[in-house]
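Structural description and commentary
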Amino acid sequence: RREAKLAKTALDAPLAIFELVNLLSMVNAINIWRSIAIFAWALILVLFYYLLANLVRDEKMLIKVIRVFIISGIVVSVFGIYQFIASYLGWPSFLGEYYLPHIGYITRVHSTALEPLIFASYLIVVIPVIFSLYRMSSPPIKHSTLLVGLTLACSVLILTISRGGYAAAIIAIATILLLSRRQLVK
């Protein structure tokens, strides 16, 4: 019988502080139900992080998780593009009324997320992972699939109209380029 122990990670303290600040910020929330929903979403993501940190113990399992992650990123990106097109064609788009196009605005897609900002947060994790794998000489996923995924995810990130998402994606990609350049110099 194996003793169940949680793996300790470098993100334990930062994640605990982040969740504590989220919880405390609900005191001043204008919309308490939205604040609770966003807190719950962040908590689910942290729990998912710990689930992965404790289940992924070898390279084979890591490659499977990365494949599922990238494929799910492609699927929700395709659905986001469908939402964008469907909103203009009058088809069911599953968008909230306040995300539909108004005079001078374009549709803000959120795919399967609660809102565009949460979807953008998801994409700024997917895009750097795909970009990093695409830069590898022999990635665990075909380069053509990675290119399609990167193109779709970046396109849909633009359609979220999340300036923070744009900035985060640019910073993540710049960091990857700087780190990979540093490795080439060594």
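For the structure itself, consult the block above.
Cut-off values and rules
Residues numbered from 1 in each chain as written. Predicted model: local features only at pLDDT ≥ 70, side-chain atom pairs only at ≥ 80, totals over all residues. Heavy atoms only, no water. Axes fitted to C-alpha atoms, helices over the stretch in contact; angles between N-to-C directions. Helix = DSSP H or I, 4+ residues; strand = E, 2+ residues; numbered from the N terminus. Parallel < 35°, antiparallel > 145°, perpendicular 65-115°, else oblique. Left-handed = near helix turned anticlockwise from the far one by under 90°. Contact = heavy atoms within 4.5 Å. Nonpolar A, V, L, I, M, F, W, Y, C, P; charged D, E, K, R; others polar. Salt bridge = Lys/Arg side-chain N within 4 Å of Asp/Glu carboxyl O. Buried < 20%, exposed > 50% of the residue type's maximum accessible area, 1.4 Å probe, protein only. Expected span 1.5 Å × (residues − 1).

1. Notes on the packing of helix 1 (residues 12-25) against helix 2 (residues 32-55)
Contact geometry for helix 1 and helix 2: axes closest at 10 Å, N-to-C directions at 165°. Here helix 1 lies roughly antiparallel to helix 2, going by the angle between them. In this structure, helix 1 crosses over helix 2, and the sense of that crossing is left-handed. On helix 2, the residues touching Asp-12, Leu-15, Phe-18, Glu-19, Asn-22 and Leu-23 of helix 1 are Phe-39, Ala-42, Leu-43, Val-46, Tyr-49 and Tyr-50. Per-class residue counts for the contact of helix 1 with helix 2 are nine nonpolar, one polar and two charged.

2. A word on the pattern of salt bridges
Within the structure shown, the criterion is met by one salt bridge. Here Glu-115 makes a salt bridge to Arg-34, at a shortest N to O gap of 2.3 Å. Separated by 81 residues along the polypeptide, Glu-115 in the loop between helix 3 (59-89) and helix 4 (116-134) and Arg-34 in helix 2 bring together distant segments of the chain. Under the relative-accessibility criterion, Glu-115 is labelled buried at 7%.

3. Here we look at the packing of helix 4 against helix 5 (residues 143-159)
Between helix 4 and helix 5, whose axes approach to 9 Å, the crossing angle comes to 150°. As summarised for this structure, helix 4 and helix 5 are arranged roughly antiparallel, according to the angle between their axes. Here helix 4 and helix 5 pass one another in a crossing that is left-handed. For the pair helix 4 and helix 5, contact is made by Phe-119, Ala-120, Leu-123, Ile-124, Ile-127, Ile-130, Phe-131, Leu-133 and Tyr-134 and by His-143, Leu-146, Leu-147, Gly-149, Leu-150, Ala-153, Cys-154, Val-156 and Leu-157, respectively. When grouped by side-chain class, the residues that make up the contact of helix 4 with helix 5 number 16 nonpolar, two polar and no charged.

4. Some thoughts on helix 3
In this model, helix 3 (31 residues) spans 45 Å end to end at C-alpha, consistent with the 45 Å of a helix rising 1.5 Å per residue. Taken together, the buried positions of helix 3 are occupied by Ile-66, Ile-70, Gly-73, Ile-74, Val-76, Ser-77, Gly-80, Gln-83, Ala-86 and Ser-87. Of the surrounding elements, those touching the buried residues of helix 3 are helix 4 and helix 5. Once helix 3 ends, the next one or two residues include Gly-90, with phi positive near 80°.

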